[in-house]
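Notes for the structure review
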Number of protein chains: 2
Amino acid sequence: MSGWLCIVGLGPGDPSQVTPEVNQALANATDVLGYIPYVARVTPRPGLVLHASDNREELDRARMALGLAAQGGRVVVVSSGDPGVFAMAAAVFEVMEGRPDWQALDVRVLPGITAMLAAAARAGAPLGHDFCVINLSDNLKPVELIKNRVRAAVTTDMAMAFYNPRSASRPHTLERVFQVLRAACEPERLLLFARAVSTPQEQLTWVSLSEATPDMADMRTLVIVGSSTTRRVGRFVYTPRSVS
Amino acid sequence: MSGWLCIVGLGPGDPSQVTPEVNQALANATDVLGYIPYVARVTPRPGLVLHASDNREELDRARMALGLAAQGGRVVVVSSGDPGVFAMAAAVFEVMEGRPDWQALDVRVLPGITAMLAAAARAGAPLGHDFCVINLSDNLKPVELIKNRVRAAVTTDMAMAFYNPRSASRPHTLERVFQVLRAACEPERLLLFARAVSTPQEQLTWVSLSEATPDMADMRTLVIVGSSTTRRVGRFVYTPRSVS
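Notes on the structure in this doc start here. Computed from a predicted structure; not experimentally measured.

We now examine the environment of G112(B). Mapping G112(B) onto the fold places it in the loop between strand 5 (106-110) and helix 5 (115-123). With 49 residues separating them in the primary sequence, G112(B) and A161(B) have C-alpha atoms 17 Å apart. In this view, G112(B) contacts I113(A), L117(A), G9(B), G81(B), D82(B) and P83(B); residues no more than four positions away in its chain are not counted.

Here the focus is the interface of chain A and chain B. The interface of chain A with chain B comprises 66 residues on the first partner and 66 residues on the second. Here chain A and chain B share an interface that buries about 5600 Å² over both sides, 62% of which is from carbon and sulfur atoms. In this structure, the connection of chain A to chain B is made through eight salt bridges. Among the salt bridges present, the one from K141(B) reaches D130(A), with a minimum N-O distance of 2.5 Å. At the boundary of chain A and chain B, one finds 32 residue pairs in polar contact (both at pLDDT 80 or more). Per-element accounting of the side of chain A that touches chain B gives the leading share, seven residues, to helix 4 (residues 88-97) of chain A. Here the side of chain A that touches chain B is built from residues that sort into 36 nonpolar, 16 polar and 14 charged. For strand 7 (residues 131-135) of chain A and strand 7 (residues 131-135) of chain B, the ladder comprises three bridges, and the chain directions are antiparallel. If you follow C132(A) over to strand 7 of chain B, its bridge partner there is C132(B).

Conventions and cut-offs
Residues numbered from 1 in each chain as written. Chains lettered and ligands numbered in written order. Predicted model: local features only at pLDDT ≥ 70, side-chain atom pairs only at ≥ 80, totals over all residues. Heavy atoms only, no water. Helix = DSSP H or I, 4+ residues; strand = E, 2+ residues; numbered from the N terminus. Contact = heavy atoms within 4.5 Å. Buried area = accessible area lost by both parts, 1.4 Å probe. Salt bridge = Lys/Arg side-chain N within 4 Å of Asp/Glu carboxyl O. Polar contact = N/O pair within 3.5 Å; in protein donor to acceptor, adjacent residues only side chain to side chain. Nonpolar A, V, L, I, M, F, W, Y, C, P; charged D, E, K, R; others polar. Pairing = 2+ DSSP bridges.

This is the structure:
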C-alpha cells in the first residue's frame, strides 16, 4: 500500500498565491476531492479523477478520501484558503478518529494563504496586533457562544476576523454580532468587508461600525473588525504594533 | 517615478511554501530589506542590493524602504511567515502615517504562510475551531494586557497561537501566561511547541499543560494552546469543528 492523502489549501483564488508544494501534490495525485467551486480550480488531466461535491458533505468527502488513500490512491482534498482554518482538515481527523485502521495512513496537511491574510494584505495591515478568528456559522455551535467570544475580544481590545459571516440559511447571526459590537465599541470603529479577494470579483469596503449592515456580507466575504487603535493611513488601514 | 514597494512574506522557511507572486516580486526587485536571517533566504543576483539589518530596527528599515521606493527603486521588504502578522507591514504603515508624501507610493502587501498555519498543518488541525492570535512580546504592550487576552480566550474556550513566546530580554512572560492557563484550564490541556517548522531544525512537541515549561520555547518557537475539545487522534492533534 503506497497511497497517501494530502489535505491542501488553494489560497484565496489567484493561482499566484498557491504554494509550490500544493501544486506538486496536485501534479502527483490520482484523485482530487472537494467542494464544487474549489475542485473547479484544479486543471483536469488524464489519470486524475475529480470528485466534486456539495458544501454540506464534508464528512462524506473526508471518508471517501481516506478510503481511496487506504486503497492505494494518491489523494488530494482541496479547500479554499488554508485547510486547517474552518475547512477540510478537521473533518478528515474527525472521520479518522472513528477509524483506527486509517490512523497509520500517510496523511499530510499542506497550508495555504487563508482568507484573512489575503484580505488583510490587500487592505494594509489590520491584523498587525493581537486578534481573534471566529467562524460565524452557527451550524456547529450556538449563537450565544459566538456572541460571548466577540464580547471577549472587544473587551480586551483585539481585532477580529469573521469567516462565513452570512448565508441564506442563517441571515441573522451577523446582525446579532453587530449588536454586540455596537454595545461595546465607538461608532467609528472600522470594519472591512472583503469579498472574493484576489479574484476578478474582488471588492473591499471599509466602513465605520455605525454604517455597517449585514447585507454587506455574503458567504464569499471575510469581515475584519478593527481594534480601537485600527486606523486609516492614505488608502490603507492598519493596526499599530503598540497599544499606546 | 516608477518605484514600488512590496512587503512580502517568505513563509516559515521551506522554499516550497513561498508563493509565486512573492518570488516574482523578488525577481523584479532592485533592493531587498529585512532582518538578517530572512534576507539570507533571498538568492543574490547582479542588480539586486541586499540590505540586512538587526531585528530591533523595524522602523528604520521601513523608512529606508519607503525612501528607496520614492527614489524609483523596486523594493521588497521581507518578513518570515506573513508580513501582516506581527511583522513588517504594520511598521511600514506606521512610518507612512508620518509622511503624507509617501502615501501615494505604489505599495503592496503580499501574504505568506504564517507560522501558526505551518505549525498547525504539521500537527494536524488544532486551529480547526475559533482561536486567538497573541504576540507575547511585551516590548510594545504591558504584560497585564497579554494576560487579560489569554484569560478572555480561555474563558470563552478558544484555542490560542502565541508568537514570539520567549526571548533572552524577557524570559518571564511565558511563565506568567502559563500561570493564567493553569488557574483556568484542566491539567490535561494540550500545548504544542513548534520550533522552526519546515526547516531542518524543525521540532514539534505536544505536552499537557501540567508538563509545559517556559524553556520549551525560544524565539523560533510558535506555541499553540488547544481549547478544551482539542484532542489526539493517532499521531495528530485536532480541534473538532463542533463544540459538543
